[in-house]
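Remarks on the overall topology
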Amino acid sequence: MSRKVLVVDDEKLIVKGIRFSLEQDGMDVDCAYDGEEALKLIRENKYNIILLDVMLPKLDGFQVCQQVREFSDVPIVMLTAKGEDMDKILGLEYGADDYITKPFNILEVKARIKAIMRRTERQTEERPEGRQIVKGDMKIDCEGRRVVIGEREVNLTAKEFDLLELLAMNQDKVYSRENLLNIVWGYEYPGDARTVDVHIRRLREKIEKNPSDPKYVHTKWGVGYYFRG
C-alpha cells in the first residue's frame, strides 16, 4: 500500500523538489503552502508522515503542530531554516517527532522519513492485540494507544505514548536517556538526549498531578528514568 506524505512549506521550489523525490520512491504526496491549508488537509486525510516548515503564512508550523496534536498522533518532522537549538526544542515541545535543519540533503530527508515510517509500522505490528497495562488508576490501552487516569483520558503524542508504554511495561527498570533515545527514536536518530528530557517533562505535565513530585515517571539522578505505578 502506498505511503501518504504531506509536505508543508511556502517555498514552492522546495516543495516541488521534495515531492518529485518522494514520488520517485512510490510515495503519494500532498502539498500545502500555508498553515491553514495544511490543517484542512490533515483533518480530511490520513497521512503516514508530515513534513512541516516552521515559517509559514497564516499559521506557523508550531501552531499547526500544536493543533494537530489535539486530534492525531501522526509523525511530524519539523523543517527549520535557522538551525538554532531553540527552534528544535520548541518543535519537540509542541509535539513534533523529529526535525531537519535547512538547507538539507534530500537523501537525508528520505532516509529520515523511511526510518520513522519503518519504526511506526514495526511498533504497530509488535503491539499485542488487546493488551492493556494497568498501574494503579492508570490504564494504558496498547492497541488503541489510549491512556486513561481515573475517568480522564489523557491526550499523548506518539512519542510520549511510546515512552510511557516502554517504561510501564518494564516497571522499576532504569533507562538512560541514551537508551530511550535509541529504543523510542531509533539508532539512526541524530538528535541529542535533551529530546528525551523535553518529552519526559511534557509527559509528566499530562499524567502527573504534581509533575515536580511524580507518582509514575521517576528520575534516577545521574542515570535516567523509570516507572513505578
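Residues numbered from 1 in each chain as written. Predicted model: local features only at pLDDT ≥ 70, side-chain atom pairs only at ≥ 80, totals over all residues. Heavy atoms only, no water.

In the annotation of an unreviewed UniProt entry, the entry for the protein reads Stage 0 sporulation protein A homolog, and the organism field reads Dorea formicigenerans.

1. What about the overall build of the protein?
When helices and strands are counted, the protein shows eight helices and 11 strands. Across the 229 residues of the protein, 51% fall into the buried class. By sequence separation, contacts in the protein at least 24 residues apart represent 57% of the contacts at least 6 residues apart. A total accessible area of about 11600 Å² is found for the protein, and carbon and sulfur atoms account for 48% of it. (Helix = DSSP H or I, 4+ residues; strand = E, 2+ residues; numbered from the N terminus. Buried < 20%, exposed > 50% of the residue type's maximum accessible area, 1.4 Å probe, protein only. Contact = heavy atoms within 4.5 Å. Areas by Shrake-Rupley, 256 points an atom, 1.4 Å probe, with all protein chains shown as cover.)

2. Describing the sheet that holds strand β5 (residues 98-101)
Sheet architecture is open: five strands sit in the order β2-β1-β3-β4-β5, paired in parallel fashion. The outermost strands of the open sheet, each flanked by one partner alone, are β2 (28-32) and β5. The sheet shows a mean angle of 20 degrees between the axes of neighbouring strands, direction not considered. Bridge count between strand β1 (residues 4-8) and strand β3 (residues 49-53): four bridges; the pairing is parallel. Looking across to β3, one finds that leucine 6 is bridged to isoleucine 50. (Pairing = 2+ DSSP bridges. Axes fitted to C-alpha atoms, helices over the stretch in contact; angles between N-to-C directions.)

3. Considering the pattern of salt bridges
Enumeration over the complete set of coordinates arrives at 22 salt bridges. Measuring nitrogen to oxygen at the nearest pair gives 3.0 Å for the salt bridge that ties glutamate 44 to lysine 40. Residue glutamate 44 and its partner lysine 40 are located together in helix α2 (residues 35-44), separated by four residues, close to a single helical turn. Through salt bridges with shared partners, a single network forms among Asp9, Glu11, Asp53 and Lys102. (Salt bridge = Lys/Arg side-chain N within 4 Å of Asp/Glu carboxyl O.)

4. Brief notes about the UniProt feature "modified residue: 4-aspartylphosphate" (unreviewed entry) in the protein
In the numbering used here, UniProt assigns the feature "modified residue: 4-aspartylphosphate" (unreviewed entry) to Asp53. Locating aspartate 53 in the fold gives a position in strand β3. With near-sequence residues (within four places) excluded, aspartate 53 lies in contact with Val8, Asp9, Asp10, Gly61, Leu79 and Lys102. (UniProt positions renumbered as here; feature names shortened; annotations may be inferred.)

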